[in-house]
Each structure stands twice: as structure tokens, then as C-alpha cells.
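Here is what each chain is made of, one letter per residue.
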Amino acid sequence: MREYSRTDRVADQIQQELALLIQREVKDPRLGMLTVSAAKVSRDLSYSDVYVTLLGDDSPERIKENLAVLKRAAGFLRSQLARTIELRHVPELRFHYDESVVRGHHLSSLINDAVADDRRRSVERGDEDNEDGAPGTTPDA
């Protein structure tokens, strides 16, 4: 079993600290409600890719605007991280939009639609469940 590596620990700490810093310290009114969904740190700790998810309006224009705000605040956030995280060198922050939540929601809705469509088709064919729950049989048989 692989140990919990130093880069993983640093990434987790960066994720937690950035979530608080963005919420409390970044005062730009263009910045919407967002969550820091993940952080990945390079092996040499020179940079950190930070993934954020927008809550509410996630239009492409809004995503681009929020990423621009975060990019401009990256230096400030990095300096604030240096105060809380005890590292000799705090990684450079690179922000990215995390599409996994939106993609997961989309896939979930596709699955739900397919299940509902399958049920509708089975009812149309007369394959309704009987009282015992066995498909394709009638209670009189």
C-alpha cells in the first residue's frame, strides 16, 4: 500500500487553506460563489493546479471571468498561503475550472432518462410487474 505522499499532504492543505482564503480575503465583487474542489502539486512543489467549481451560474463567460479574477489574485493568495503553510517555497498557483461536477450531473440525468424510457417501453409492451414483483407475469397465471 502506497504511503500518503508529501505532495498529497501539501495539496490537501493548499486546498483547505485556499477555500478559506478565497471566501474571506478576496473582495472582488465579480467573484461568484465557488468551491475549491481539488488541488494537485507538482513533485518539485514548484506549482499547484487548483480546480474550482462555480455554484449557480456556470456559463462559459462567468467561468472565464472568475478564473481571471483568481489569476489576478494568485500572487496575493500565494503570499497568504506562505503565512499559514510552513514551506520553504510556496507553489505557484494555477487555477482551472473543474467540469467533473457538471459532467457527473449530466451523466446522471442521462441515466435517469434512460431508466425512465426503459420503464415506459416495458409498460407499453405489457411487461408490467405483477403483485409478486416478477416481471412479465400476471397475477392470474
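Look up: the structure comes first, before these words.
Residues numbered from 1 in each chain as written. Predicted model: local features only at pLDDT ≥ 70, side-chain atom pairs only at ≥ 80, totals over all residues. Heavy atoms only, no water.

## Considering the overall build of the protein
- The helix and strand tally for the protein stands at three helices and three strands.
- What you see in the protein, going N to C, is helices and strands ordered as α-β-β-α-β-α.
- Here the protein holds 141 residues, and the buried ones make up 29% of them.
- Residue pairs in contact within the protein that sit at least 24 positions apart in sequence constitute 59% of those at least 6 positions apart. (Helix = DSSP H or I, 4+ residues; strand = E, 2+ residues; numbered from the N terminus. Buried < 20%, exposed > 50% of the residue type's maximum accessible area, 1.4 Å probe, protein only. Contact = heavy atoms within 4.5 Å.)

## A look at the environment of Arg78
- By the secondary structure assignment, Arg78 is in helix α2 (residues 60-84).
- Taking relative accessible area as the criterion, Arg78 reaches 28% and is therefore assigned partly exposed.
- For the pair Arg78 and Leu93, spaced 15 residues apart in sequence, the C-alpha separation works out to 7.0 Å.
- Among all residues touching Arg78, those that are not within four sequence positions of it are His89, Val90, Pro91, Glu92 and Leu93.
- Among the polar contacts made by the side chain of Arg78, one reaches the main-chain carbonyl oxygen of Val90 at a distance of 2.8 Å. (Polar contact = N/O pair within 3.5 Å; in protein donor to acceptor, adjacent residues only side chain to side chain.)

## Looking at the sheet that holds strand β1 (residues 34-41)
- As summarised here, the arrangement of the three strands in space is β1-β2-β3, forming an open sheet in which the pairing is mixed. Two strands lie at the open edges of the sheet, namely β1 and β3 (92-97), each paired on one side alone. When the angles between neighbouring strand axes are averaged without regard to direction, this sheet yields 25°.
- Its contacts with the sheet put helix α1 (residues 6-25) on β1, β2 (47-54) and β3, and the angle it makes with β1 is roughly 155°. (Pairing = 2+ DSSP bridges. Axes fitted to C-alpha atoms, helices over the stretch in contact; angles between N-to-C directions.)

## Overview of the pairing of β3
- Residues Leu93, Phe95 and Tyr97 of β3 are buried on one face, while the alternating residues Glu92, Arg94 and His96, pointing to the opposite face, are not.
- Pairing analysis gives six bridges linking β2 to β3, with the strands arranged parallel. Paired with Val52 across the bridge in β3 is Tyr97.

## Some remarks on α1
- Over its 20 residues, α1 runs 27 Å from end to end, which matches the ideal 28 Å to within 8%, given 1.5 Å per residue.
- Residues of α1 that are buried include every one of Thr7, Val10, Ala11, Ile14, Leu18, Leu21 and Ile22, and no others. The arc enclosing the buried residues of α1, seen along the axis, measures out at 100°, which places them on a common side. Counted as exposed and oriented over 90 degrees from the buried face of α1: Gln16, Gln23 and Arg24. (Expected span 1.5 Å × (residues − 1). Arc of directions from axis to C-beta.)

## Things to note about the pattern of salt bridges
- Scanning the entire structure with this criterion turns up seven salt bridges.
- Residue Asp117 pairs with Arg121 through a salt bridge whose shortest N-O separation is 3.2 Å. Taken as a pair, Asp117 and Arg121 lie in helix α3 (residues 100-125) at a separation of four residues, close to a single helical turn.
- Given the relative accessible area of 24%, Asp117 is considered partly exposed.
- The class for Arg121 is partly exposed, based on a relative accessible area of 45%.
- Each of Asp117, Arg120, Arg121 and Glu124 takes part in a single network of salt bridges with overlapping partners. (Salt bridge = Lys/Arg side-chain N within 4 Å of Asp/Glu carboxyl O.)

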